Amino acid sequence: MKILKQLGGLFLLCIIGEILSALLPFPLPAGVLCMVLLFLGLSCHIIQIDVLRESADFMLKNMAFFFIPASVGIVEYYPLIKHTWLPLLIICILATFATFAATAYTVRLVIFLQTKFRNGGAKK
Amino acid sequence: MSDFLSILSDITTSPMFGITISILAYTLGVWLAKKAKSPLVNPLLIAIILISAFLAVFKIPYANYCSGGKMIELFLTPLTAILAIKVYEQIHLLKQNWLPLLIGSLVGSAVSIGCVLLLSRLFFLENSLMVSLLPKSVTAAIAIPLSMQGGGVVSVTALAVMITGLTGAVFSPMMLRLLRIQNPIEAGVAIGTSSHALGTSKAIELGDAEGAMSSCAIAIAGLCTVILLMIF
């Protein structure tokens, strides 16, 4: 019953998210919207983590599993990209590597500048 | 044999088939990944290969698998929602690092768009294909409407989003070692920005801090990409 209630609550939240997402004028998906709502709910102590604990743990621990069907779908697209699959693949992979590196080093730089700025302020 | 195949195709139309084969393939994938101990042997990747091979060998239409697959996909929205719990549990990290997160995601999203523009020119890709690839680093529910607005091909966008996510999920431990990144904040933001929720599934395995920062980056990078593509 506990997990049933948790899933019920979670799905209800998602339906609310879907409705809000449909009403918004720009593309903000229900999932991201629900994440923000849930985060606000937790921060304002309207929702307790324990209310969702078991089902959340189950989903988070097996997160990759839920992406299987969408990934298997990739094979289905092959006829569509028969002539351009190689450039598409190369672009996707290279751009992901570049984004990864750029993000990580930007974060490093900002953290470095922040610490330097703070230490500089402390000396005065 | 043809009798057997027709019985099989009857059974496979039930959603039970798609769900069962997914669970079996994933369980086997997790077991193999534990044995192999190489980050390239990824449970998700193994499951995809096993299922695709199974469908091809027994000539089971993808639509049959999909009737169960759709039910699993149903969980993607609540899954994104409960990432909020990861973030909330590590809220001190968010309070300390909101500025690096914001700037990192913004720069990362810009680099992603820039890279696609540059590489598409390099490969003489058609304009509609290039537009389809531009929002590929963010979660599908954001990327698809963006691609449609620009006149892109929706299925190419969906495909690019999945390949990008898989790249992050499979290669991010390798990239972390290659780029000598040890700080979980850097790792988390990089994974979430470059490969959305699918990459985040790996970030969560790496650690709580990585998972939390990666979850935040999904939302921030999503918004940054929407804004950046509107400017274009």
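Here the structure is a predicted model, which means the values were calculated and not measured.

1. As for the overall build of chain A
(1) Moving on: Across its full length, chain A holds five helices and zero strands.
(2) Moving on: Computed over its C-alpha atoms, the radius of gyration of chain A comes to 21 Å, more than 25% above the 14 Å expected for a compact globule of 124 residues.
(3) Moving on: Seen along its three principal axes, the alpha-carbon backbone of chain A occupies a region of about 60 × 50 × 35 Å.
(4) Moving on: Burial status across chain A gives 37% buried among its 124 residues.
(5) Moving on: In chain A, 43% of the contacts between residues at least 6 apart in sequence involve partners at least 24 apart.

2. So, unusual backbone geometry
(1) Moving on: If you check the backbone angles, His45(A) has positive phi at about 60° while not being a glycine.
(2) Moving on: Relative to the assigned elements, His45(A) resides in the loop between helix H2 (30-43) and helix H3 (53-61).
(3) Moving on: Look at His45(A) and you get exposed, because 7 C-beta atoms sit within 10 Å.
(4) Moving on: Even without glycine at this site, Lys59(B) takes up a positive phi of about 50°.
(5) Moving on: By the element assignment, Lys59(B) lies in the loop between helix H3 (43-57) and helix H4 (62-73).

3. Quick word on the confidence of the model for chain A
(1) Moving on: For chain A, per-residue confidence averages 89 on the pLDDT scale, and 97% of positions sit at 70 or higher.
(2) Moving on: When mean pLDDT is taken per element in chain A, helix H1 (residues 2-23) of chain A scores highest with 92 and helix H4 (residues 68-76) of chain A scores lowest with 85.

4. Remarks on the nonpolar core
Buried together is how nonpolar side chains tend to be arranged in soluble globular proteins.
(1) Moving on: Judged by nonpolar contacts, the single largest core of 106 residues is most densely connected at Cys34(A), Met35(A), Leu38(A), Ile68(A), Ala81(B), Ile82(B) and Ala84(B).
(2) Moving on: No other element matches the twelve residues that helix H9 (residues 154-178) of chain B contributes to this core.
(3) Moving on: Ignoring anything within four residues of it in the chain, the contact list for Cys34(A) reads Leu13(A), Cys14(A), Gly17(A), Thr77(B), Thr80(B) and Ala81(B).

5. Topic: the interface of chain A and chain B
(1) Moving on: Counting from both sides, the interface comprises 63 residues of chain A and, opposite them, 82 residues of chain B.
(2) Moving on: Where the side of chain A that touches chain B is concerned, the elements lending two or more residues are H1, H2, H3, H4 and helix H5 (85-123) of chain A.
(3) Moving on: Ranked by residues supplied to the side of chain A that touches chain B, first place goes to H5(A) with 23 residues.
(4) Moving on: Partitioned by chemical class, the residues of the side of chain A that touches chain B number 51 nonpolar, ten polar and two charged.

6. A word on the domain arrangement of chain B
Residues and elements named next belong to chain B.
(1) Moving on: Domain annotation for chain B reports domain 1 (2-74) and domain 2 (78-231).
(2) Moving on: For domain 1 and domain 2, the distance between their C-alpha centroids amounts to 27 Å.
(3) Moving on: The partner domain 2 presents four residues to the five residues of domain 1 that form the contact.
(4) Moving on: Grouping the constituent residues of the side of domain 1 that touches domain 2 by class yields four nonpolar, one polar and no charged.

7. A word on the domain arrangement of chain A
(1) Moving on: Examined at the domain level, chain A breaks down into domain 1 (1-70) and domain 2 (77-124).
(2) Moving on: The gap between the C-alpha centroids of domain 1 of chain A and domain 2 of chain A is 28 Å.

Criteria and thresholds
- Residues numbered from 1 in each chain as written.
- Chains lettered and ligands numbered in written order.
- Predicted model: local features only at pLDDT ≥ 70, side-chain atom pairs only at ≥ 80, totals over all residues.
- Helix = DSSP H or I, 4+ residues; strand = E, 2+ residues; numbered from the N terminus.
- Rg over C-alpha atoms; globule rule 2.2 N^0.38 Å.
- Buried ≥ 20, exposed ≤ 12 C-beta atoms within 10 Å, placed from the backbone.
- Contact = placed C-beta atoms within 7 Å.
- pLDDT = per-residue confidence, 0-100.
- Core = buried A, V, L, I, M, F, W, Y, C linked by C-beta atoms within 7 Å.
- Nonpolar A, V, L, I, M, F, W, Y, C, P; charged D, E, K, R; others polar.
- Domains from an automatic or database assignment.

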